[in-house]
Amino acid sequence: MTTTALRVGILVFDEVEVLDACGPFEVFSVAARLASSERGWRNFDVRLIAASSTQHRARARGGLILTADYTLTDAPDLDLLIVPGGVTDAVERDEAAVEWIRSRSATPTLASVCTGAFLLAEAGILTTQEVTTHWDDQAELARRFPRLTVTDRARWVGGDGLYTSAGISAGLDLSLHLVATLSHEEHAVSTAHLMDYAWRR
């Protein structure tokens, strides 16, 4: 194993889409199991961060209870922050959560899955970029944030440390791309293989 793990944080909140959050968690936790200093593959330390100042739990869509490692008040510095989607209306109105996301704008790599793009836009991190989100929410994202270029051309778009993905399962493809980018292409290929997942690049 490599000695310095890249710190990955995944924000969770009530009504988060299960696979939006848990899909990337699976990718990075499997990649961590496969990390090898001998091959030059980076290790990953992936943690959940609750979008709350006091509560470590979030009830995902469908009722799954997620227990987070951190809250907004004690979350550490990160190398990668993933903002998943789901029903984001309440968390978009939560000034503390939006301000926390905004305060993490200097994180080396930021990514959203599905309607998590609305949270990055609300926080002022997405401004004029080409972005994507779930196909059913693309028109709404374009309406609310007209300076963004909302596209359906790919499962994920972005670069230079800022990425957005389409809906739900597309977060797996983006996460594997991030493993390839932050570690090594073969690390991502091996992660997808161990997950028995057909990586759509």
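Conventions we followed
Residues numbered from 1 in each chain as written. Predicted model: local features only at pLDDT ≥ 70, side-chain atom pairs only at ≥ 80, totals over all residues. Heavy atoms only, no water. Helix = DSSP H or I, 4+ residues; strand = E, 2+ residues; numbered from the N terminus. Buried < 20%, exposed > 50% of the residue type's maximum accessible area, 1.4 Å probe, protein only. Contact = heavy atoms within 4.5 Å. Areas by Shrake-Rupley, 256 points an atom, 1.4 Å probe, with all protein chains shown as cover. Lys, Arg positive; Asp, Glu negative; His and termini not counted. Charge placed at Lys NZ, Arg CZ, Asp CG, Glu CD. Pairing = 2+ DSSP bridges. Phe/Tyr/Trp six-rings, centres within 6.5 Å; stacked < 30°, edge-to-face > 60°. Lys NZ or Arg CZ within 6 Å of the ring centre and 35° of its normal. Expected span 1.5 Å × (residues − 1). Core = buried A, V, L, I, M, F, W, Y, C linked by side-chain atoms within 4.5 Å. Axes fitted to C-alpha atoms, helices over the stretch in contact; angles between N-to-C directions. Parallel < 35°, antiparallel > 145°, perpendicular 65-115°, else oblique. Left-handed = near helix turned anticlockwise from the far one by under 90°. Nonpolar A, V, L, I, M, F, W, Y, C, P; charged D, E, K, R; others polar.

Here's the deal with the overall build of the chain
When helices and strands are tallied, the chain shows 7 helices and 10 strands. Dimensions along the principal axes, computed over C-alpha positions, put the chain at roughly 45 × 40 × 30 Å. Considering the chain as a whole, with its 201 residues, one finds that 53% of them fall into the buried category. Taking as baseline every contact in the chain between residues at least 6 positions apart, the subset at least 24 positions apart corresponds to 63%. For the chain, the exposed surface amounts to about 9,200 Å²; the carbon and sulfur share of it is 47%. Taking the average place of the 18 positive charges on the side chains of the chain and the average place of its 27 negative ones, the gap between the two points comes to 1 Å.

Description of the environment of Thr191
Its place among the elements puts Thr191 in helix α7 (residues 185–194). In this structure Thr191 comes out as buried when scored by relative accessible area, which is 0%. Remark: the alpha-carbon pair of Thr191 and Thr73, spanning 118 residues in sequence, is separated by 32 Å. Those residues within four positions of Thr191 in sequence are excluded, and the remaining contacts are Val27, Val30, Ala31, Leu34, Leu176 and Val179.

Side note on the pairing of strand β6 (residues 109–113)
The buried fraction of β6 is high, at 5 of 5 residues. Neither face of β6 is open: one carries Thr109, Ala111 and Val113, the other Leu110 and Ser112, and all of them are buried. Relative to strand β10 (residues 162–165), β6 is paired through 4 bridges, and the arrangement is parallel. Bridging across to β10, Leu110 finds its partner in Leu162.

A short note on the packing of aromatic side chains
To describe a pair of aromatic rings, you give the distance between the ring centres and the angle between the ring planes. For the coordinates displayed, the defined rule picks out 3 aromatic pairs. Centre to centre, the rings of Trp156 and Tyr163 are 5.9 Å apart; their planes meet at 65°, and the pair counts as edge-to-face. Comparing Trp156 with Tyr163 shows no difference in burial state: the two are buried. Here Arg201 stacks its cationic end above the ring of Trp199, 4.0 Å away from the centre of that ring.

Points about the environment of Ala96
With respect to the element layout, Ala96 can be found in helix α3 (residues 95–103). Separated by 44 residues in the primary sequence, Ala96 and Glu140 place their C-alpha atoms 24 Å from one another.

Focus on helix α1 (residues 18–34)
It helps to recall that an α-helix has 3.6 residues per turn; residues three or four apart then point in one direction. Taking 1.5 Å per residue as the helical rise, α1 with its 17 residues ought to reach 24 Å, and the 24 Å between its terminal C-alpha atoms agrees with that figure. For α1, the full list of buried residues reads Asp20, Ala21, Gly23, Pro24, Val27, Phe28, Ser29, Val30, Ala31 and Ala32. The inward-facing, buried residues of α1 abut β1 (5–12), β2 (43–50), β5 (80–83), β6, α6 (170–182) and α7.

With respect to the nonpolar core
Counting residues in each nonpolar core, the largest one holds 62 residues, and the members touching the most others are Leu11, Phe28, Phe44, Ile82, Trp100, Ile101 and Leu126. In terms of residues, this core owes the most to one element, α6, which gives 6 residues. When sequence neighbours within four positions are dropped, the list of residues in contact with Leu11 reads Ile49, Ala50, Ala51, Leu72, Ile82, Val83, Pro84, Trp100 and Ile101.

A look at the packing of α1 against α6
The N-to-C vectors of α1 and α6 enclose an angle of 30°; their axes lie 8 Å apart at closest approach. When the axis of α1 is compared with that of α6, the two are roughly parallel. The two elements α1 and α6 cross, and the hand of that crossing is right-handed. Residues Gly23, Pro24, Val27, Phe28 and Ala31 of α1 form the contact with α6, whose own contacting residues are Gly171, Leu172, Ser175, Leu176, Leu178 and Val179. A breakdown of the residues in the contact of α1 with α6 according to their chemical character gives 8 nonpolar, 3 polar and no charged.

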